[in-house]
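Architecture at a glance
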Amino acid sequence: MRLAVLDIGSNSAQLQVVDVSAGAPPLPAHAVKEPTLLAEELLPDGTLSETGIERVTAAVGRAVDAAVRLGVDHLYPFVTAAVRDAVNRDEVIDRIQVGAGIRPQFLSGEEEGRLTYFAARRWYGWSAGRLLLVDIGGGSMELVLGRDVEPELAVSLPLGAGRLTREFLTADPPTRKQLKALRRHVRDTLSEVLDRLRWEGPPRRVVATSKTFKQLARLTGAPPQRKGPFVLRELAVADLGRWIPRLARVPAAERAGLRGISRPRARQVVAGAVATEVTLSALDVPGVEVCPWALREGILLRHLEQLADTTALPLQPLTRHPDATVRPLHPVGEQPVPS
């Protein structure tokens, strides 16, 4: 069976295609990325602009067309915080359904965190012991702690790199005053959960997922992605602390020329770096290991685990019609993925 996950995020719609078989890991057979750049289209009232809606609809349509060309049997499309938290979320989803032929699902921040933890736990195995996972996306940060298949604690905080950039780092490059306010905001927001995390006890292993951590790790010297997923990649707080002043001194256009920093994320990398440094320092963590598996793998793994349960994941069968429009054979509601 060929399955695919379509992750519709603030920067891109990413299609990951996997050929699944019993007992095998969900290693990608194909990957397609279509730009959405939704962070640039969020209006002051919290709605996504018409341009943003058109852009994400077109991106999803191209990704779905690619899924059909690649012979995908079942597709699970979902949106993250960029669409989920938009005031006009329902309109955006309706437009995507009309324009691309699929209706994406909603995942809450906590559900995202639990599924990402599920993937990381599978990657490292039981020998990892108590695992603390940190994930920074465009709209939210997830902190998940546990030693078993299901975590003991999963929280989602409004500390995504894109959100923090829009709210605090409005100048390019940001001012010292803006950076100070950002640090204070991250510390204050984290204070809500730090006591609980400390109560649960120190983790044996701290891992991070998301593009934010991958790019920051590469910036500070980690091996490039072409080396493959099995190469150790780490991000040290001390290294990050030396890079933040340099990142903050130059505009986004210059940051895009640095090692590992992509042009679409160059504007928000400063906020991501500050949020990472403040968070890890507050948790007394000197560094993290970057896990190659994250939310998309978690969704696929959860589906494979519960394959016998037809309600486990609302995967949409795809077919090609004579009018070249992709439509799901079975309409799917907006129920979240069980965690």
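The numbers attached to residues start from 1 for each chain and follow its sequence in the written order. Predicted model: local features are reported for residues with pLDDT of at least 70 only, side-chain atom pairs are reported and counted for 80 or more only, and whole-chain, interface and lining totals are derived from all residues. Derived side-chain values reflect all non-hydrogen atoms in the structure, with water molecules and hydrogen atoms excluded from consideration.

Bringing the pattern of salt bridges into the picture now. The salt bridge criterion pairs a side-chain nitrogen of Lys or Arg with a carboxyl oxygen of Asp or Glu, the two atoms within 4 Å. Using the criterion set out here, one finds 21 salt bridges in the structure. The shortest N-O distance in the salt bridge between Arg-55 and Glu-41 comes to 3.4 Å. Of this pair, Arg-55 sits in helix H1 (residues 50-69) while Glu-41 sits in the loop between strand E3 (28-35) and H1, and the two are 14 residues apart along the sequence. The partner of Arg-205 in a salt bridge is Glu-289, with the nearest N and O atoms 3.2 Å apart. Here the residue Arg-205 occupies a position in strand E9 (residues 205-209), and Glu-289 occupies one in strand E11 (residues 287-290), the gap between them amounting to 84 residues. Strands here mean DSSP runs of E at least two residues long; helices mean DSSP runs of H or I at least four residues long; both are numbered from the N terminus.

With that out of the way, let us pick up unusual backbone geometry. Omega for the bond connecting Asp-172 with Pro-173 falls within 30 degrees of zero, at 5°, which places this linkage in the cis form. The residue Pro-173 is located in the loop between helix H5 (161-168) and helix H6 (176-199) in this model. The phi dihedral of Ser-210 falls on the positive side, at around 100°, and the residue is not glycine. Along the chain, the position of Ser-210 falls in the loop between E9 and helix H7 (211-219). With relative accessibility at 12%, the residue Ser-210 sits in the buried group. The phi dihedral of Asp-284 is positive, around 55°, even though this residue is not glycine. Residue exposure (1.4 Å probe, protein chains only): buried if accessible area is under 20% of the type maximum, exposed if over 50%, otherwise partly exposed. Using a relative accessible area of 66% as the deciding quantity, one classes Asp-284 as exposed.

Mapped onto the fold, Thr-220 is located in the loop between H7 and strand E10 (234-236). Taking the C-alpha atoms as reference points, Thr-220 and Arg-242, separated by 22 residues in sequence, lie 9.2 Å from one another. We call two residues contacting when some pair of their heavy atoms lies within 4.5 Å. If we skip the residues at most four places from it in the chain, Thr-220 touches Glu-234, Leu-235, Asp-239, Leu-240, Trp-243 and Arg-259. A distance of 3.1 Å separates a polar side-chain atom of Thr-220 from the backbone oxygen of Ala-217. In protein, a polar contact means a hydrogen-donor-capable atom and an acceptor-capable atom, both N or O and within 3.5 Å, with residues adjacent in sequence counting only if both atoms are side-chain atoms; elsewhere, any N or O pair within 3.5 Å suffices.

Right, let's get into empty space enclosed by the protein. A cavity, in this analysis, means grid points on a 1 Å lattice covering only the protein atoms where a 1.4 Å probe fits yet has no way out; a pocket is instead an open set bounded by protein on both sides within 12 Å along at least five of seven lines, and a residue lines either one if it has an atom within 4 Å of a point. Grid points are joined across faces, edges and corners, and a volume is the space filled by probe spheres set on the points. The tally for this structure, following the rule as stated, stands at 1 cavity of 30 Å³ or more. Considering only residue class, the lining of the largest cavity consists of 1 nonpolar, 3 polar and 1 charged. Charged means Asp, Glu, Lys or Arg here, nonpolar means Ala, Val, Leu, Ile, Met, Phe, Trp, Tyr, Cys or Pro, and polar covers whatever is left, Gly included.

In low-pLDDT segments, the atomic positions of the prediction should not be examined closely. For the protein, mean pLDDT is 87; residues scoring 70 or higher make up 90% of the total. Scored between 0 and 100, pLDDT is the confidence that the predictor attaches to each residue. In the model of the protein, strand E13 (residues 326-328) stands out as the element of lowest mean pLDDT, 36, in contrast to E10, which has the highest, 97. Across residues 319-339, confidence stays below pLDDT 50; counting only partners more than four residues off in sequence or on other chains, it has 47 contacts.

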